[in-house]
Amino acid sequence: MKKYQEIFVKKMATTFQQWKSQPFVTEKELYRFLHSLKGTAGSIGLEELSILAAVKLDQLDEEKEKQWSKEEWQLFLAELLTIDNTAEPEAVPVEAKMEKKTSNEVVLFIESHIERLTVLRREMERKGWDVLAAMTAEKGLSTFVNKHPDLLLIDLDLPKNSGMELLEKMKETAGNRLTPIIAISSSREKEMRTRAYELGVLDYIEMPTDSDEILIRIKNKMNYRDLMREVVLVDELTGAFNRKFFNVEIKRQLDILKESHSPFSLAILDLDHFKKINDTYGHTAGDDVLKEFSRMVRSRIHQDDFFIRFGGEEFVLLMPGCTGEKAKKIIQSMIKEFMQHEFVFEDHIISCSFSGGVVEVNHAEERPGDFLKKADLALYSSKINGRGKVMNYQDMNPSDNNEKRLHIGIIDDDAVMRQILEDQLHRMSFRGYQTDIRSFREGEAFFKDDWYKQGGKYIILLDGVMPRMDGMEVLQRLRKEFPEEDFVIIMLTGRKSEKDIVKGLELGADDYLTKPFSIKELEARVRRLATKIVN
């Protein structure tokens with residue numbers, strides 16, 4: 001952090017020197033300077049500086065047209081002007097104030113009350129849980145289906161009784177996934193509580209309640225979920241084995257290979273345009289497709305084969321004693337059969353397809369991650385060549401074996417923050433993907449560059465407050481021009497007001513980080529949201 005602190009203090013001194021050569025500074029300039037100072041200083045360990053900036057910021061109005069004379073702004077920022085940019089800044093690491101994360105468990109918190117959402121989310125994250133936030137029933141249902149959280153915390157007091165309606169829609173799927181649901185509500189009516197339990201909640205918490213009690217009850221339900229998943233190896237929705245089973249079985253297959261020298265094949269199968277089915281006909285229709293797909297595959301495979309649901313619409317097929325070429329032919333015939341099946345949704349007759357990637361495993365020393373990556377690359381080749389196909393990794397040209405690219409864009413007017421984010425993101429890796437990281441000082445610079453138009457998958461870290469084109473404008477344009485499945489957007493904001501956070505979420509931000517934030521928190525958010533588009 002020392003490097004960033006030194007750069008930051010020097011940059012602050014440069015700004016002051018520039019202002020001293022001007023006849024006046026506008027209140028908007030002062031506001032944006034302190035807003036950036038508050039967020040960046042706190043994120044690099046200069047917490048006292050961040051607090052001082054926040055105090056000054058509360059005294060300004062971003063929309064005010066006032067012009068501050070040289071004497072006025074120097075008096076207003078007197079404490080900041082006395083900072084020696086040649087001295088070594090004293091660091092107070094934000095990470096030291098955060099409890100260490102001990103797991104990757106994910107809580108989906110569906111809450112329309114912004115203060116409760118902010119407070120409880122912060123407390124849950126301090127306990128080590130990753131928290132997905134949704135402020136509407138619609139967003140909550142979409143996140144639940146796409147992200148597969150480990151626990152649901154739902155405020156039943158959502159507008160227009162949508163909390164109960166949401167429970168109705170989630171009941172079967174949550175039960176099939178052994179996902180605990182905790183309901184919170186200000187209602188003390190017996191009928192409300194009874195109905196919630198009928199719809200599958202495992203706990204009902206009457207509000208207001210102390211946050212410590214809520215956290216304990218979440219932890220208890222997490223422990224219950226862990227126990228259930230420990231003994232259940234079958235995905236109840238599809239009848240396929242689950243990922244825990246895969247982790248055990250793949251080790252056994254490698255041991256067999258080591259002893260017998262008989263290869264086996266591994267295939268990744270992925271339903272094509274599955275999100276479109278969910279979005280068009282509803283998640284019940286999506287479940288019907290998953291169940292029929294699983295039924296068809298399980299009816300066609302050999303008794304020694306293993307069909308495993310890896311997550312969402314992605315499945316793995318283990319085929320002991322089967323060469324890659326033979327596996328490819330078997331899967332080709334499955335694709336043909338599945339495409340002939342007709343689904344009827346809302347009086348519409350549709351057909352579905354899936355794509356596959358196969359790898360033949362003939363070296364016992366190879367790690368599961370290595371051949372999963374190869375099968376994933378073969379799957380990607382099938383997808384980009386028209387879908388409804390299967391590719392054998394061994395048949396691919398060397399040029400086809402290049403890793404896919406994950407584009408990560410940083411849009412922030414603070415040069416120090418851009419450098420921090422770039423340095424940290426360059427250290428991260430994502431399965432099967434090479435990262436292409438670019439930073440932009442403002443929204444207009446971003447849109448003038450064709451970088452964001454080259455196609456592929458994108459993660460955008462977007463500052464909410466910037467000169468000229470505001471972050472909200474950038475968010476609106478991206479959501480209008482590009483499909484949500486290709487772009488995930490994390491808003492970075494120093495504003496904690498309800499209206500700004502709500503506006504960002506309503507306009508389509510997938511998540512938000514309030515400055516100052518810790519580097520560990522940033523990495524966890526990016527890695528979690530990346531799974532939305534790279535899996």
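Note that the coordinates shown come from a computational prediction; the quantities given were computed from them, not determined experimentally.

Each helix and strand in the protein was counted, giving 20 helices and 19 strands. Here the C-alpha radius of gyration of the protein, 26 Å, is about what a compact globule of 535 residues would show, namely 24 Å. In terms of principal-axis extent, the alpha carbons of the protein reach across some 85 × 65 × 45 Å. When burial is assessed residue by residue, the protein has 53% of its 535 residues classed as buried. Of the contacts made within the protein by residues no fewer than 6 positions apart, 71% connect residues no fewer than 24 positions apart. Here the protein displays about 25,100 Å² of accessible surface, and carbon together with sulfur accounts for 48% of that area. Distance between charge centroids for the protein: 2 Å, based on 81 positive and 93 negative side chains.

One open sheet holds the 5 strands; their spatial order is 16-15-17-18-19, and the pairing between them is parallel. Two strands lie at the open edges of the sheet, namely strand 16 (433-440) and strand 19 (511-514), each paired on one side alone. Strand-to-strand twist in this sheet, taken as the mean axis angle between neighbours without regard to direction, amounts to 15 degrees. Where strand 18 (residues 487-493) meets strand 19, 4 bridges bridge the pair, whose relative direction is parallel. Across the sheet, residue Leu 492 finds its bridge partner in strand 19, namely Leu 513. Its contacts with the sheet put helix 18 (residues 471-481) on strand 15 (404-411), strand 17 (457-463) and strand 18, and the angle it makes with strand 18 is roughly 170 degrees.

Quick look at the confidence of the model for the protein now. When pLDDT is averaged along the protein, the result is 84, and 92% of the positions lie at 70 or above. Segment residues 85-103: pLDDT under 50, and 32 contacts once partners within four positions in sequence are set aside and those in other chains are kept.

Below, the discussion takes up the sheet that holds strand 6 (residues 181-185). If you trace the 5 strands from one edge of the open sheet to the other, you get 4-3-5-6-7, paired in parallel fashion. Edge strands, defined here as strands with exactly one partner in the open sheet, are strand 4 (130-134) and strand 7 (203-206). Each strand of the sheet is rotated relative to its neighbour by a mean of 20 degrees, with strand direction disregarded. As defined by bridge partners, strand 3 (residues 106-110) adjoins strand 4 across 5 bridges and the pair is classed as parallel. Paired with Val 107 across the strands is Val 131, a residue of strand 4. Strand contacts of helix 9 (residues 190-198): strand 6 and strand 7, with the helix running at about 150 degrees to strand 7, the strand carrying the most contacts.

A complete count under the given rule lists 33 salt bridges for this structure. Arg 252 is the partner of Glu 249 in a salt bridge, and the nearest nitrogen-oxygen pair spans 2.8 Å. Within this pair, Glu 249 and its partner Arg 252 are both found in helix 11 (residues 243-260), separated by 3 residues, close to a single helical turn. Of the residues examined, Glu 249 reaches a relative accessible area of 6% and is grouped as buried. Between Lys 291 and Asp 288 there is a salt bridge whose closest N-O contact spans 3.9 Å. Here Lys 291 and its partner Asp 288 are both found in helix 13 (residues 283-300), 3 residues apart, which amounts to about one turn of the helix. A cluster of three or more residues bridged by salt bridges with shared partners is formed by Arg 121, Glu 125, Asp 511, Glu 521, Arg 525 and Arg 528.

We now examine helix 2 (residues 27-43). Relative to the 24 Å expected for 17 residues at 1.5 Å per residue, helix 2 spans 24 Å between its end C-alpha atoms, a close match to the ideal helical length. Extensive coverage of helix 2 is indicated by the burial of 15 of its 17 residues. Of the residues flanking the end of helix 2, it is Gly 45, one or two places downstream, whose phi is positive at about 95 degrees.

What follows is about the nonpolar core. With 44 residues, the main nonpolar core has Met 124, Leu 153, Ile 218, Phe 446, Ile 460, Leu 462 and Leu 478 as its most contacted residues. Within the second largest apolar cluster, 32 residues are counted, among which are Ala 240, Val 289, Leu 317 and Val 358.

Here we come to the pairing of strand 15. In the case of a regular strand, side chains alternate between the two sheet surfaces. Within strand 15, 7 of the 8 residues are buried, leaving the element largely enclosed by the surrounding structure. Examined bridge by bridge, strand 15 and strand 16 share 8 bridges and lie parallel to one another. Within strand 16, the position partnered with Ile 408 by the bridge is Ile 437. Of the strand pairs in this sheet, strand 15 and strand 17 are connected by 6 bridges, and their pairing is parallel. Note that in strand 17 the partner of Gly 409 across the bridge is Ile 460.

It is worth spelling out the environment of Thr 284 at this point. With respect to the helices and strands, the residue Thr 284 is situated in helix 13. Between the C-alpha atom of Thr 284 and that of Lys 169, which follows or precedes it by 115 residues, the distance is 8.7 Å.

On to the side chain of Gln 253. If you trace the backbone, Gln 253 turns up in helix 11. In this view, Gln 253 contacts Phe 264, Phe 306 and Pro 320; residues no more than four positions away in its chain are not counted.

This part covers helix 11. The end-to-end C-alpha distance of helix 11, which contains 18 residues, comes to 25 Å, matching closely the 26 Å that a straight helix rising 1.5 Å per residue would cover. Looking only at helix 11, the buried set comprises Phe 245, Phe 246, Glu 249, Ile 250, Gln 253, Leu 254 and Leu 257. Of the surrounding elements, those touching the buried residues of helix 11 are strand 8 (264-271), strand 9 (306-311), strand 10 (314-320), strand 13 (354-361) and helix 15 (368-384). Residue Asn 242 occupies the N-cap position of helix 11, its side-chain oxygen lying 3.3 Å from the main-chain nitrogen of Lys 244. Positive backbone phi, approximately 60 degrees, marks His 261, located one or two places after helix 11.

This brings us to the packing of helix 13 against helix 14 (residues 324-340). Interhelical geometry of helix 13 versus helix 14 gives an angle of 140 degrees and a closest axis separation of 11 Å. As the angle between them shows, helix 13 and helix 14 are arranged oblique. For the pair helix 13 and helix 14, the sense of crossing is right-handed. Between helix 13 and helix 14, the residues in contact are Val 289, Glu 292, Phe 293, Met 296, Val 297 and Arg 300 and Ile 330, Ser 333, Met 334, Glu 337 and Phe 338, respectively. Of the residues in the contact of helix 13 with helix 14, the class split is 7 nonpolar, 1 polar and 3 charged.

Two numbers describe how helix 1 (residues 2-20) lies on helix 2: the axes approach to 12 Å, and their chain directions differ by 170 degrees. If you check the angle between helix 1 and helix 2, you find them roughly antiparallel. Listed contacts from helix 2 to Phe 8, Met 12, Thr 15, Phe 16 and Trp 19 of helix 1 are Glu 29, Leu 30, Phe 33, Leu 37, Thr 40 and Ala 41. Residue composition of the contact of helix 1 with helix 2, by class: 8 nonpolar, 2 polar and 1 charged.

Parameters at a glance
- Residues numbered from 1 in each chain as written.
- Predicted model: local features only at pLDDT ≥ 70, side-chain atom pairs only at ≥ 80, totals over all residues.
- Heavy atoms only, no water.
- Helix = DSSP H or I, 4+ residues; strand = E, 2+ residues; numbered from the N terminus.
- Rg over C-alpha atoms; globule rule 2.2 N^0.38 Å.
- Buried < 20%, exposed > 50% of the residue type's maximum accessible area, 1.4 Å probe, protein only.
- Contact = heavy atoms within 4.5 Å.
- Areas by Shrake-Rupley, 256 points an atom, 1.4 Å probe, with all protein chains shown as cover.
- Lys, Arg positive; Asp, Glu negative; His and termini not counted.
- Charge placed at Lys NZ, Arg CZ, Asp CG, Glu CD.
- Pairing = 2+ DSSP bridges.
- Axes fitted to C-alpha atoms, helices over the stretch in contact; angles between N-to-C directions.
- pLDDT = per-residue confidence, 0-100.
- Salt bridge = Lys/Arg side-chain N within 4 Å of Asp/Glu carboxyl O.
- Expected span 1.5 Å × (residues − 1).
- Core = buried A, V, L, I, M, F, W, Y, C linked by side-chain atoms within 4.5 Å.
- Polar contact = N/O pair within 3.5 Å; in protein donor to acceptor, adjacent residues only side chain to side chain.
- Parallel < 35°, antiparallel > 145°, perpendicular 65-115°, else oblique.
- Left-handed = near helix turned anticlockwise from the far one by under 90°.
- Nonpolar A, V, L, I, M, F, W, Y, C, P; charged D, E, K, R; others polar.

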